[in-house]
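Given next are the chains, with one letter for each unit.
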Amino acid sequence: MNVGFIGLGIMGSRMAANLIRSGFRLRVHNRTQEKAHGLAAEWCESPANAARKADVLFTMLSTPEAVQETAFGERGFLPALVEDAVWVDSSTVHPSFSRHMAGECRKRGIHFLDAPVAGSKGPAETGDLVFLVGGDAAVVERCAPLFEAMGKAHRHFGANGAGTSIKMVVNLLLGHAMAGFAEGLALGESLGISRSTLLEVLLGAPVTAPFLQAKRSKVENDAYEADFPLQWMHKDLHLAALTAYEQGLALPGLQAVKEIFAMARRRGLGEKDFSAVCRLLQETRR
Ligand SMILES: NC(=O)c1ccc[n+]([C@@H]2O[C@H](COP(=O)([O-])OP(=O)(O)OC[C@H]3O[C@@H](n4cnc5c(N)ncnc54)[C@H](OP(=O)(O)O)[C@@H]3O)[C@@H](O)[C@H]2O)c1
């Protein structure tokens with residue numbers, strides 16, 4: 001099977017490495033070429049080149065705009081894919097965008113799966129991601145060996161857009177939990193409770209989301225090297241808000257949480273881990 005991979009950031013570079021480790025021969029492209037250094041894959045000068053010989057092409061890009069540009073821009077990959085090829089978009093994008101991309105593929109006789117992932121830098125490295133998949137069951141089956149090389153599970157939720165639908169829900173909860181924890185920490189410290197006591201009491205307690213345990217050393221040391229960049233959490237909350245609008249749904253809490261991440265981004269924390277909202281809220285104290 002010829003596999004193409006576009007987008008070698010924090011997640012994509014590790015996912016591509018796991019495909020190579022499982023014996024797949026990869027042709028890769030990334031906007032910034034240096035990120036492909038060290039990968040035992042064939043470098044392609046453009047998205048179109050990475051797509052040309054691919055039976056399956058993966059994309060792992062930051063935003064819907066980045067996917068759009070890479071697919072349809074100059075030397076974009078979509079016109080270069082051959083009929084019956086599969087494009088798997090693992091980027092976190094919103095469901096209406098996934099459905100639109102599926103339509104563009106259908107016009108060209110190309111199969112499309114939306115397959116965003118649950119799990120961060122660590123699981124991407126160890127091959128423990130969970131793929132949340134939308135699309136045709138037979139196509140999902142065709143891609144199963146690739147999902148298995150990069151993840152511990154792939155779950156098929158229905159037609160195109162179903163994978164990114166569940167991902168929107170997951171990341172809405174992720175943003176709420178992170179922002180809530182940061183507010184709890186800020187209130188506790190203002191009352192004179194030490195950070196170490198707060199972490200000891202809160203982490204592992206029923207009121208605290210389990211994923212926060214993995215953020216302990218970042219919060220303890222106020223050192224927020226990105227596993228999941230804050231700017232992409234903000235983007236996901238924006239996409240969830242956009243989706244709520246499309247659904248005619250009011251989600252006032254989501255809007256408030258989204259603005260906390262917008263403020264953090266404006267404070268220059270966009271490329272830090274999303275747990276850096278803890279620093280933002282600490283700084284708001286008089
Ligand atoms: N990190 C996580 O924990 C995590 C977990 C689950 C899902 N995700 C999602 O996975 C996706 C990738 O996240 P990441 O953490 O790997 O982010 P990242 O390290 O910032 O990587 C982003 C990738 O998108 C590319 N890109 C951005 N804008 C582009 C453009 N206009 N044209 C072409 N390429 C462009 C970047 O290219 P350059 O290298 O040239 O900048 C890079 O390859 C995002 O949708 C994110 O929400 C992330």
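Residues numbered from 1 in each chain as written. Predicted model: local features only at pLDDT ≥ 70, side-chain atom pairs only at ≥ 80, totals over all residues.

1. A look at the site of the ligand
Our working rule: Using a C-beta atom placed from the backbone for every residue, we mark a residue as near a molecule or strand if that atom lies within 6 Å of it. Secondary structure is summarised from DSSP: a helix means a run of H or I of at least four residues, a strand means a run of E of at least two, and numbering begins at the N terminus for each. Only Asp, Glu, Lys and Arg are considered charged, only Ala, Val, Leu, Ile, Met, Phe, Trp, Tyr, Cys and Pro nonpolar, and every remaining residue, Gly among them, polar.
In the neighbourhood of the ligand, 26 residues make up the surrounding shell, with Gly 9, Arg 31, Thr 32, Ser 120 and Phe 228 lying closest. Contributing elements (two or more residues each) for the shell around the ligand: helix H1 (10–21), helix H3 (64–72) and helix H10 (230–246). Split by residue class, the shell around the ligand holds 10 nonpolar, 10 polar and six charged.

2. A word on the domain arrangement of the protein chain
To keep it simple, the criterion reads: For the purposes of this description, domain bounds are those given by an automatic or database domain assignment. With C-beta atoms placed from the backbone, a contact is any residue pair whose C-beta atoms sit within 7 Å.
The assigned domain composition of the protein chain is domain 1 (3–158) and domain 2 (165–283). Each of domain 1 and domain 2 was reduced to a C-alpha centroid, and the two centroids are 27 Å apart. Contact residues are listed per partner, giving 15 residues for domain 1 and 16 residues for domain 2. When residues of the side of domain 1 that touches domain 2 are traced back to their parent elements, those giving at least two are helix H4 (95–107) and helix H5 (121–126).

3. Remarks on the packing of helix H7 (residues 162–190) against helix H11 (residues 252–269)
Our working definition: Only the stretch in contact is used when fitting a helix axis, every axis being a line fitted to C-alpha atoms; angles between N-to-C directions are given from 0 to 180 degrees. Crossing chirality is assigned from the near helix's rotation relative to the far helix, an anticlockwise turn below a right angle marking it left-handed and a clockwise turn marking it right-handed.
H11 packs onto H7 with a crossing angle of 65° between their chain directions and a minimal axis gap of 10 Å. Two packed elements cross with a definite hand, and for H7 against H11 that hand is left-handed. In this structure, H7 uses Leu 172, Gly 175, His 176 and Ala 179 to contact H11, whose residues at the interface are Gly 253, Leu 254, Val 257, Ile 260 and Phe 261. Classifying every residue of the contact of H7 with H11 by side-chain character gives six nonpolar, three polar and no charged.

4. Looking at the nonpolar core
Heads up, the condition is: When buried Ala, Val, Leu, Ile, Met, Phe, Trp, Tyr and Cys residues are joined through C-beta atoms within 7 Å, the set is termed a nonpolar core. Exposure classification rests on a simple neighbour count of other C-beta atoms within 10 Å of a residue's own: a residue reaching 20 or more is buried, one at 12 or fewer is exposed, and one in between is partly exposed. C-beta atoms are placed from the backbone.
By size, the foremost hydrophobic cluster in this structure holds 82 residues, and its most contacted members are Val 56, Leu 57, Leu 81 and Val 277. The leading source of residues in this core is H7, at nine residues. Mapping this core onto the domain boundaries places at least three of its residues in each of domain 1 (3–158) and domain 2 (165–283). When sequence neighbours within four positions are dropped, the list of residues in contact with Leu 81 reads Ala 51, Ala 54, Leu 57, Trp 87 and Ile 110.

5. Regarding H1
Short version of the rule: To estimate the expected span of a helix, count its residues, drop one, and scale the result by 1.5 Å.
Between its first and last C-alpha atoms H1 spans 17 Å; for 12 residues at 1.5 Å apiece the expected length is 16 Å, and the two agree. For H1, the tally of buried residues reaches nine of 12 residues, placing the bulk of the element in the interior. Residues of H1 that are buried: Met 11, Gly 12, Ser 13, Arg 14, Met 15, Ala 16, Ala 17, Asn 18 and Leu 19. On the buried face of H1, the contacting elements are strand E1 (3–6), strand E2 (26–29), H5 and helix H6 (137–150). The positive-phi residue at the C-terminal boundary of H1 is Gly 23, with phi of around 100°.

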